[in-house]
Amino acid sequence: MKQLINILIGCLFLFGMSSCEKDLPVYETPDCWLNFVYYNYDGSILETEKVTDEIRYASYSFVYAGDEVEIDTVWFEISTMGFVSDEDRPLELEQILTGKNDAKADVHYVAFTNEELKAKYYMIPARKTGTKIPIVVKKDPSLNSGDVILQFTFKDNGYFKPGYDGLTTRTLSISSKLTKPSVWEESYCDYTFGLYGPEKHRLMIEWTGEKWDDEYIKELMDGDSAYVNYLAGWFARKLEEENAKREEAGEEPYKEEDGTPVSFEPKSWS
């Protein structure tokens, strides 16, 4: 009898489990979302709450490309949330006007409505959960008077909606002069080479013969830490030597445009 009761209880338990499984809600929402992807210095994806305005900021300068380059491309990685599709799905971008040195479509960048960009690049390929999208920048003469800002986000187009707050907006500075590299902050360059300055940046390029753009900095900071530390010390000694030569020649030491002396003193972690 006891064995029969145990069997009956077991059957009732299994029936109950089956009933619960049938009652579970099925994920059927057709909505899909888009986010920008950000990485840690070690290559891992940055958690949403750790993405700051500084990290959302990117920069491009035609200085690195050479005098002959009039148009170039900056790529941004994006990812999807929601179902994967067996077909290509279009996405749309839209500019956010900041009211301060806003970039102009088809003057400083190729408009997001450009048919060639939409047909070839502004889409999520079939069976993919992410891609890289291009922002095509243009070297307009107006950049000689100052940088412009292109802030942009995803537009709800019926296929995709903007995703998580904090992961849906990027800010791109477009310049024909030296600007702060996008990865300077996320690579913790302040804690190695000191606070950023355009004159310091120019000297780093001149003294090493390297571009010191995003690609070079990321490769450097992800590489041999002993070499990075050596390079930081070398810059400090080089600056001291060059300032001594300038003093002998009756010149002032190297300074930024605002009069701040160029320094390779690392920022404190405290």
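As a starting point, this report considers the structure included with it.

About the cut-offs
- Residues numbered from 1 in each chain as written.
- Predicted model: local features only at pLDDT ≥ 70, side-chain atom pairs only at ≥ 80, totals over all residues.
- Heavy atoms only, no water.
- Helix = DSSP H or I, 4+ residues; strand = E, 2+ residues; numbered from the N terminus.
- Buried < 20%, exposed > 50% of the residue type's maximum accessible area, 1.4 Å probe, protein only.
- Contact = heavy atoms within 4.5 Å.
- Areas by Shrake-Rupley, 256 points an atom, 1.4 Å probe, with all protein chains shown as cover.
- Phe/Tyr/Trp six-rings, centres within 6.5 Å; stacked < 30°, edge-to-face > 60°.
- Pairing = 2+ DSSP bridges.
- Axes fitted to C-alpha atoms, helices over the stretch in contact; angles between N-to-C directions.
- Core = buried A, V, L, I, M, F, W, Y, C linked by side-chain atoms within 4.5 Å.
- Parallel < 35°, antiparallel > 145°, perpendicular 65-115°, else oblique.
- Nonpolar A, V, L, I, M, F, W, Y, C, P; charged D, E, K, R; others polar.

1. A short note on the overall build of the chain
A count of helices and strands for the chain gives 7 helices and 10 strands. For the chain, the proportion of its 270 residues judged to be buried stands at 36%. When contacts within the chain are restricted to residue pairs at least 6 apart in sequence, long-range pairs at least 24 apart make up 75% of them. When the accessible surface of the chain is totalled, it reaches about 16400 Å², and 52% of it is carbon and sulfur.

2. Brief notes about the packing of aromatic side chains
In this description, a pair of aromatic rings is defined by centroid distance and the angle of the planes. A full pass over the atoms with the stated rule returns 22 aromatic pairs. For the ring pair Phe112 and Phe152, a centre distance of 5.9 Å and an interplane angle of 55° mean the geometry is tilted. With Phe112 in the loop between strand 5 (92–96) and helix 3 (115–120) and Phe152 in strand 8 (residues 148–155), this residue pair connects regions lying 40 residues apart in the sequence. For the residue pair Phe112 and Phe152, the accessibility class agrees, reading buried in each case. On the basis of an interplanar angle of 55° and a centroid distance of 6.2 Å, the ring pair of Tyr188 and Tyr191 is categorised as tilted. A relative accessible area of 35% places Tyr188 in the partly exposed class.

3. Section: the environment of Gly43
Structurally, the position occupied by Gly43 is in the loop between strand 1 (33–36) and helix 2 (53–56). Residue Gly43 is classed as partly exposed on the basis of its relative accessible area of 41%. Note: C-alpha distance between Gly43 and Asp222 (179 residues apart in sequence) is 8.8 Å.

4. Focus: the sheet that holds strand 10 (residues 169–175)
Spatially, 2-10-8-5 is the arrangement adopted by the 4 strands of the open sheet, whose pairing is mixed. Both outer strands of the open sheet, strand 2 (57–61) and strand 5, are each paired with one neighbouring strand and no more. Within this sheet the neighbouring strands show an average axis-to-axis angle of 30°, counted without direction. The pairing of strand 8 with strand 10 spans 6 bridges and is classified as antiparallel. For Gln151, the partnering residue across the bridge sits in strand 10 and is Thr171.

5. Regarding the nonpolar core
Soluble globular proteins tend to bury their nonpolar side chains together. Among the nonpolar cores identified, the biggest contains 36 residues, and Ile135 and Leu172 are the most heavily contacted of them. Only strand 1, strand 2, strand 3 (71–81), strand 7 (130–138), strand 8 and strand 10 provide two or more residues apiece to this core. Filtering out sequence-adjacent residues up to four positions away, Ile135 remains in contact with Asp72, Thr73, Val74, Phe76, Leu93, Phe112, Tyr122, Leu150, Phe152 and Leu172. Judged by nonpolar contacts, the second largest core, of 21 residues, contains Trp184, Leu220, Val228 and Phe264.

6. Re the sheet that holds strand 9 (residues 161–162)
Reading across from one edge, 7-3-1-9 is the order of the 4 strands in this open sheet, with mixed pairing throughout. What marks the edges here is a single partner per strand, and that holds for strand 7 and strand 9. By the bridge criterion, 9 bridges tie strand 3 to strand 7 in an arrangement that is antiparallel. Note on strand 7: the bridge partner recorded for Asp72 is Val137.

7. Description of the packing of helix 5 (residues 198–208) against helix 7 (residues 225–248)
In contact at an axis separation of 12 Å, helix 5 and helix 7 are set at 95° when each is read in the N-to-C sense. The angle between helix 5 and helix 7 falls in the class roughly perpendicular. On the side of helix 5, the interface is formed by Met204, Trp207 and Thr208, while helix 7 contributes Trp234, Phe235, Lys238, Leu239 and Glu242. Of the residues belonging to the contact of helix 5 with helix 7, the class tally is 5 nonpolar, 1 polar and 2 charged.

8. Some remarks on the environment of Phe264
Considering the arrangement of structural elements, one finds Phe264 in the segment after helix 7. Spatially, the C-alpha atom of Phe264 lies 5.0 Å from that of Phe193, the residues being 71 residues apart in sequence. In this view, Phe264 contacts Thr192, Phe193, Gly194, Lys200, Met204, Trp207, Phe235, Ala236 and Leu239; residues no more than four positions away in its chain are not counted.

Spatial relationships are all this shows, so hold off on functional conclusions.
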